[in-house]
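Notes for the structure review
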Amino acid sequence: MRRKLVVGNWKMNGNRLTNTELLAGVEEAGPYTADVAVCAPFPYLSEVALSLQAKRIGWGAQDCSAHESGAYTGEVSAEMLAEFGCRFVIVGHSERRAYHAESDQLVADKAKIALKHNLTPIVCVGETLAEREANQTDAIVKRQMSAVIHTLGHCISQIVVAYEPVWAIGTGLTATPEQAQAVHALLRVQLHAATPKSDQMQILYGGSVKPDNAAALFSQPDIDGGLIGGASLKAADFVAICRAAR
Ligand code: 13P
């Protein structure tokens, strides 16, 4: 039986005051049946770590460098994230693929260095609306996943996958539970060919998950929780979504 996981992706939102209030609200409403974590902007990681230390909520970052260290101005290494107690790092979010031209291989390299520093990479895959309408969804997510499988080898079982259809992110359009389940099942079959542990791997859904649609999504057999954007910024909404994962 896989445990459910709900991760808040704050993106480039929040400030010290709202972060403190948000974390207090999420913490007080716990404990949760599911594992819960938040991925905060880099500057807030030390304060998030202090707030959540010894609590049951994990934390992580939203990106890391593919390089170990050195002359890479503006980048943050996986080793630094580990030093701040991060358990997770999101890699390959569609916003990074789109706005920072991250390739499948770069995403795979980031996942690899994250694992090296004992972080769990949450690897995002997903198709655009144009790709879905052209019936390319399966081919796109398989191509994105296959770069990571190829680069990580048997370590692939240590990652978390997030299926985030680009057309559902921040748009209020959610994939139906059936649409999401179909892609999750496809990903699990692909992972199965790469590792005997595919049944234990968590595959999260992300894209306009809200309190009123979370339970239906999370009840699908291959949906093991969610990666939550906008709704993770409001304590009441995030708490309701965490509670829907059981
Ligand atoms: P929304 O929940 O705001 O659609 O964002 C999803 C997402 O991108 C999480 O990484």
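Scroll up for the structure.
Overview of the structure. It should be emphasised that the depicted structure is a prediction, and the values quoted were computed from it without experimental measurement. (Residues numbered from 1 in each chain as written. Predicted model: local features only at pLDDT ≥ 70, side-chain atom pairs only at ≥ 80, totals over all residues. Heavy atoms only, no water.)

Let us look at the sheet that holds strand S3 (residues 57-61). On the basis of which strands lie adjacent, the closed barrel formed by 8 strands has the order S1-S2-S3-S4-S5-S6-S7-S8 and parallel pairing. Each strand of the sheet is rotated relative to its neighbour by a mean of 25 degrees, with strand direction disregarded. Across 4 bridges, strand S2 (residues 35-39) lies against S3 in parallel orientation. Across the sheet, Val38 pairs through a bridge with Trp59, a residue of S3. Packing of helix H7 (residues 137-152) onto the sheet brings it into contact with strand S5 (120-125) and strand S6 (160-163), and relative to S5 it is tilted by some 155 degrees. Of the strands in this sheet, S5, S6 and strand S7 (203-206) are in contact with helix H8 (residues 177-192), which crosses S7 at around 150 degrees. (Pairing = 2+ DSSP bridges. Helix = DSSP H or I, 4+ residues; strand = E, 2+ residues; numbered from the N terminus. Axes fitted to C-alpha atoms, helices over the stretch in contact; angles between N-to-C directions. Contact = heavy atoms within 4.5 Å.)

All residues in the neighbourhood of the ligand are listed as Asn9, Lys11, His93, Glu164, Ala168, Ile169, Gly170, Gly207, Ser208, Leu227, Gly229 and Gly230. One nitrogen or oxygen atom from the side chain of Asn9 is found 3.0 Å from an oxygen atom belonging to the ligand. His93 places a side-chain nitrogen or oxygen 2.8 Å from an oxygen atom of the ligand. Bound to the protein, the ligand loses 96% of the 300 Å² it would expose on its own. In a pocket analysis with a 2 Å cut-off to the grid points, the ligand is assigned to the second largest pocket. (Near = heavy atom within 4 Å. Polar contact = N/O pair within 3.5 Å; in protein donor to acceptor, adjacent residues only side chain to side chain. Areas by Shrake-Rupley, 256 points an atom, 1.4 Å probe, with all protein chains shown as cover. 1 Å grid on protein atoms, 1.4 Å probe; cavity = no way out; pocket = protein on both sides within 12 Å on 5 of 7 lines; lining within 4 Å. Sits in = over half its atoms within 2 Å of the grid points.)

Relative to the helices and strands, Tyr44 resides in the loop between S2 and helix H2 (45-52). Separated by 17 residues in the primary sequence, Tyr44 and Ala61 have C-alpha atoms spaced 9.7 Å apart.

Quick look at the layout of surface pockets now. Approximately 440 Å³ is the volume found for the largest pocket. Taken together, 19 residues form the lining of the largest pocket, with Lys11, Met12, Gln62, Asp63 and Arg96 sitting closest to its centre. For the lining of the largest pocket, the element with the highest residue contribution is helix H4 (residues 94-99), accounting for 3 residues. In terms of residue class, the lining of the largest pocket is built from 8 nonpolar, 6 polar and 5 charged. Each pocket or cavity is described by its volume, and for the second largest pocket that value is around 160 Å³. Across the lining of the second largest pocket, the residue classes tally to 5 nonpolar, 8 polar and 3 charged. (Points joined across faces, edges and corners; volume = space filled by probe spheres on them. Nonpolar A, V, L, I, M, F, W, Y, C, P; charged D, E, K, R; others polar.)

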